[in-house]
Amino acid sequence: MFNLYKNISVLGACCSLAACFGGGTYIEEPTTQHQYTSVRGGFFNLTQDGSSLYPQLSGNAHLVVSNTDSSIEVRINGLTNDTVYNTHVHSGTCATGGGPHYLQHAQGADEASNGLWPTVTVNSNGLGTGKVKQNFVVSADAKSVVIHQPGTNARIACADLNATQTTAGTFNIAPLGLNFYARVTGWAFLAANDAGSSKAELNVDGLTPGTAYVSHVHAQPCSVNVGGGHYLQDPSGSDVKENGLWPGVNIDTFGYGIGWASNPFKVRLNNAPSVVLHQTGSGEKIACADLTDNWLAFRSGSFKTTETGTALYGSITGRAHLKISSDGESQVKLYVSGLKPSQSYGSHVHNGACESGGGGHYLDDTAGKDEAANGLFPLFKTNSDGVGRGDAKNKFIVRPDARSVVIHEPGTGERIACADLN
């Protein structure tokens, strides 16, 4: 079988568009004694009081929790230049007005030392930033961030601090799978978002080229009857895709495939311990992945061809995904087809959604250099069929504004495809 990965390489040198086509870099940091336990974040929305004052407001809040401390960061545009705004983590969601301040010690004083109060200072260019760290681990009651109007203390903007809990695992071929395949490898991912949605996703190799397969999230580990029965969100409901997560998988001409499924409910991760892949037609369980690895976050999206990309290529297809690990590393991977054969491409994580053009490159330090060490730049080279994979990782935890992955046309840097990371 043709090995796609033998023809994938990362560029060793930058082209003339150095900012666009720098190589992906892994940044080493000193070993720390703690592990990160959660990442929560969201985008600000104006309240009724704020809508008439700051119609152009936009920004996000980002809460990172380890087993020893908690850190909240706010970045926002559209407020008044050279002004200071009181900002607090609150114990209610934005839909309920935010509720009172979050207090680490519920019976303690309502003061900065007992909460997370990242005062936001807006500079002369209109960028507001605030960050604070406390040596305690916040509970799930830290639900939102509220910005207050100077003078009146009115609540002008609110961002929910939603988290995405993620489990993952590798596929192993099942006993019945050996009747059909020499090997089946790959990964499965399951993500449950506080906002009330769930996603199951997988990539797999070693199956029959050009074939469609079905998979399901199952209710038992692989050691119990190869996953047992399907996971059902409503255990008393029907065994249908609307009541579970059933990713379909299309295998390309090289035996590699990706698949995903989502539903508007928060899956119970403890009751969804595996993903099972079934044989086309006959339905045998051919491979199973135990979902035992915990990640801080998993985001993904399909590539859409831009207007420029359509003119140059017709259709570009594929998938991008971003994961954040408990050791504080962010990694983006992509799989794409429909490009030129044996060609090197630049791609980057961007800070805007695809519908708005993707914005600019996502930078960990927004005041720092626009380079691979400060972002996620997965470069790749296609094989002779125009298929490629890219991979980049760095030792930082991305904020919510790591919103999309953009692929650029070689030489010109034009944006030819974009995938939202949701």
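Right above here is the structure, for reference.
Per chain, residues are indexed from 1 in the order of the written sequence. In view of the model being predicted, local features appear only for residues whose pLDDT reaches at least 70, and side-chain atom pairs are presented and counted only at 80 or more, with totals across whole chains, interfaces and linings using the full set of residues. Heavy atoms from the whole structure form the basis of all side-chain values; hydrogens and water molecules are not counted.

Asks: Help me understand the overall build of the chain in this model?
Replies: Broken down by element type, the chain carries two helices and 27 strands. For 422 residues, the compact-globule estimate of 2.2 N^0.38 gives 22 Å, and the chain sits close to it at 23 Å. C-alpha atoms of the chain, sized along the principal axes, occupy 70 × 60 × 40 Å. Within the span of the chain, comprising 422 residues, buried residues form 51% of the whole. Two residues form a contact once any of their heavy atoms are found within 4.5 Å. Within the chain, counting contacts between residues at least 6 apart in sequence, those at least 24 apart form 66% of the total. The helix and strand labels rest on DSSP assignments: H or I over at least four residues marks a helix, E over at least two residues marks a strand, and numbering proceeds from the N terminus. For the radius of gyration, the atoms used are the C-alpha atoms, and the globule rule reads 2.2 Å times the number of residues raised to 0.38. Throughout this description, buried means an accessible area under 20% of the type-specific maximum (1.4 Å probe, protein chains only), exposed means over 50%, and partly exposed covers the range between.

Asks: Would you take a moment to explain the environment of V122 for this structure?
Replies: Here V122 lies in strand β7 (residues 120-122). Take V122: its relative accessible area is 3%, and that puts it in the buried class. Residues within four places of V122 in sequence aside, it is in contact with L79, T80, N81, D82, T83, Y85, L127 and G128.

Asks: How do you make sense of the state of the cysteines when you look at a structure like this?
Replies: By definition, a disulfide is the covalent link that joins the sulfur atoms of two cysteine residues. What counts as a disulfide here is a pair of cysteine sulfur atoms lying within 2.5 Å. Evaluated as defined, the whole model comprises three disulfides. The residue that forms a disulfide with C94 is C158, at a sulfur-sulfur distance of 2.0 Å. Between C94 and C158 the sulfur-sulfur dihedral comes to about -85 degrees; the bridge is accordingly left-handed. With C94 in the loop between β6 (87-90) and β7 and C158 in strand β10 (residues 155-160), the pair connects residues that are 64 residues apart, well separated along the chain. Looking at C94, the relative accessible area reads 23%, which means it is partly exposed. The disulfide partner of C354 is C418, and the gap between their sulfur atoms is 2.0 Å. Residues C354 and C418 are joined by a disulfide whose S-S torsion is about -85 degrees; by sign, that bridge is left-handed. Here the residue C354 occupies a position in the loop between β23 (344-350) and β24 (380-381), and C418 occupies one in strand β27 (residues 415-420), the gap between them amounting to 64 residues.

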